[in-house]
Amino acid sequence: MELRWLESFVVVAEELHFARASDRLHLAPSALSAQIRALESHLGVRLIDRGRRTRPALTSAGRLFLEEARLTLEQAARAEAVGRRAGRGELGHAQIAYVASAAFSGVLTDVLNRCAAELTVQVRELETPAQLEALACGDVDVGFLRWRPRYPPEVTATCLLTEDVVLALPAAAPLAAYEAVPAAKLRDECFVAPHFDEEHGCQDQILEVAAQGGFHARCAPPVRDFIAALTLVGGGLAVALVPDSLRRVNIPGVAYRPLADVSLTTRLVGAYRRGETSPAVRGVIRRLREAAAATVTEV
């Protein structure tokens with residue numbers, strides 16, 4: 001049974017006039033009559049009485065079939081719409097990973113809000129190296145992570161946000177009295193940073209501050225993420241270099257100050273596989289690029 005047969009039957013049932021139904025359907029009357037006959041032959045029942053001197057009328061079977069035909073056409077239209085939207089990446093499922101600090105940047109929530117109405121998205125926190133491995137093997141579709149100078153060959157990235165790096169220090173420490181802290185004043189401080197067993201990242205920034213201040217940096221054992229680092233800072237055990245967006249994290253005992261004589265920045269990127277084929281994931285990537293463009297415009 002073909003959908004065009006059902007559409008023709010419904011229009012004839014509504015018009016009860018073959019000429020007007022033909023006009024609505026842009027079909028020749030003979031073609032319309034052939035479709036109705038094909039439908040009746042397929043079902044083995046007459047749906048329309050065609051009187052020579054009277055207007056066509058639905059049979060009792062035709063009246064019952066009309067409701068089901070309308071429902072079938074409505075469902076077919078919904079199925080077609082879903083298929084087209086899925087093909088455009090407006091529907092579907094995607095796995096997103098993020099580093100903890102990305103949650104405070106505003107960019108992650110912006111992308112999720114752009115996806116929420118149409119896509120089913122699952123999110124999980126994951127460190128940068130683990131994200132890159134998961135992206136490369138397909139366990140994660142899109143990652144929000146700190147910029148790396150190199151990515152796996154199958155992974156590319158879009159810069160979402162560039163932000164200043166600030167000093168997090170104990171609020172009760174004498175250094176908190178400074179509006180901006182000179183690097184040399186950090187000589188006796190212990191630095192804490194996330195450690196991802198990689199060549200580039202927070203450790204390089206600590207070394208740059210130490211070089212500017214003319215001292216060898218003393219570092220605490222590395223921690224899992226910036227939130228753990230801020231916890232140690234709040235406890236008076238260390239200082240930390242953190243993205244400016246972490247000012248939003250209200251941990252008791254922590255103060256934030258810019259550096260007076262060192263300019264450091266960090267970039268949050270959205271990473272994804274090159275040549276992604278999933279329409280849903282391409283939809284997330286498109287929204288990610290929209291968020292990146294909006295951030296650049298705001299800056």
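Rules of the game
Residues numbered from 1 in each chain as written. Predicted model: local features only at pLDDT ≥ 70, side-chain atom pairs only at ≥ 80, totals over all residues. Heavy atoms only, no water. Pairing = 2+ DSSP bridges. Helix = DSSP H or I, 4+ residues; strand = E, 2+ residues; numbered from the N terminus. Buried < 20%, exposed > 50% of the residue type's maximum accessible area, 1.4 Å probe, protein only. Contact = heavy atoms within 4.5 Å. pLDDT = per-residue confidence, 0-100. Arc of directions from axis to C-beta.

(A) Looking closely at the pairing of strand β6 (residues 155-170). Across nine bridges, the pairing between β6 and strand β11 (residues 265-273) is antiparallel. Bridge assignment links V155 to a residue of β11, and that residue is R273. Two strands pair when backbone bridges link them, and β6 and strand β9 (residues 240-243) are joined in this way by four bridges, in the antiparallel orientation. Across the sheet, residue A168 finds its bridge partner in β9, namely A240. As judged from the four bridges shared by β6 and strand β10 (residues 254-257), these two strands associate in the antiparallel manner. Bridge assignment links L169 to a residue of β10, and that residue is A255.

(B) Inspection of the environment of H93 at higher detail. If you trace the backbone, H93 turns up in strand β3 (residues 92-98). Under the relative-accessibility criterion, H93 is labelled partly exposed at 37%. Each C-alpha atom, one on H93 and one on A183, is 47 Å from the other, the two residues being 90 residues apart in sequence. Once you skip the residues sitting within four places of it in the chain, H93 turns out to touch T120, Q122, A280 and V281.

(C) Quick peek at the confidence of the model for the chain. For the chain, per-residue confidence averages 87 on the pLDDT scale, and 92% of positions sit at 70 or higher. By mean pLDDT, helix α9 (residues 279-298) is the weakest element of the chain at 77, and β10 is the strongest at 97.

(D) Geometry of helix α6 (residues 128-137). Looking only at α6, the buried set comprises T128, Q131, L132, A134 and L135. End-on view of α6: buried residues confined to an arc of 165°, all on one side of the axis. Turned more than 90 degrees from where α6 packs its buried face, E133 and C137 sit exposed. A positive backbone phi angle near 90° is found at G138, which sits one or two residues after α6.

(E) Up close: the side chain of Q131. Residue position: Q131 is located in helix α6. We classify Q131 as buried; its relative accessible area is 0%. Q131 has contacts with A97, Y98, V99, L126, G143, F144 and L145, leaving out every residue within four places of it along the chain.

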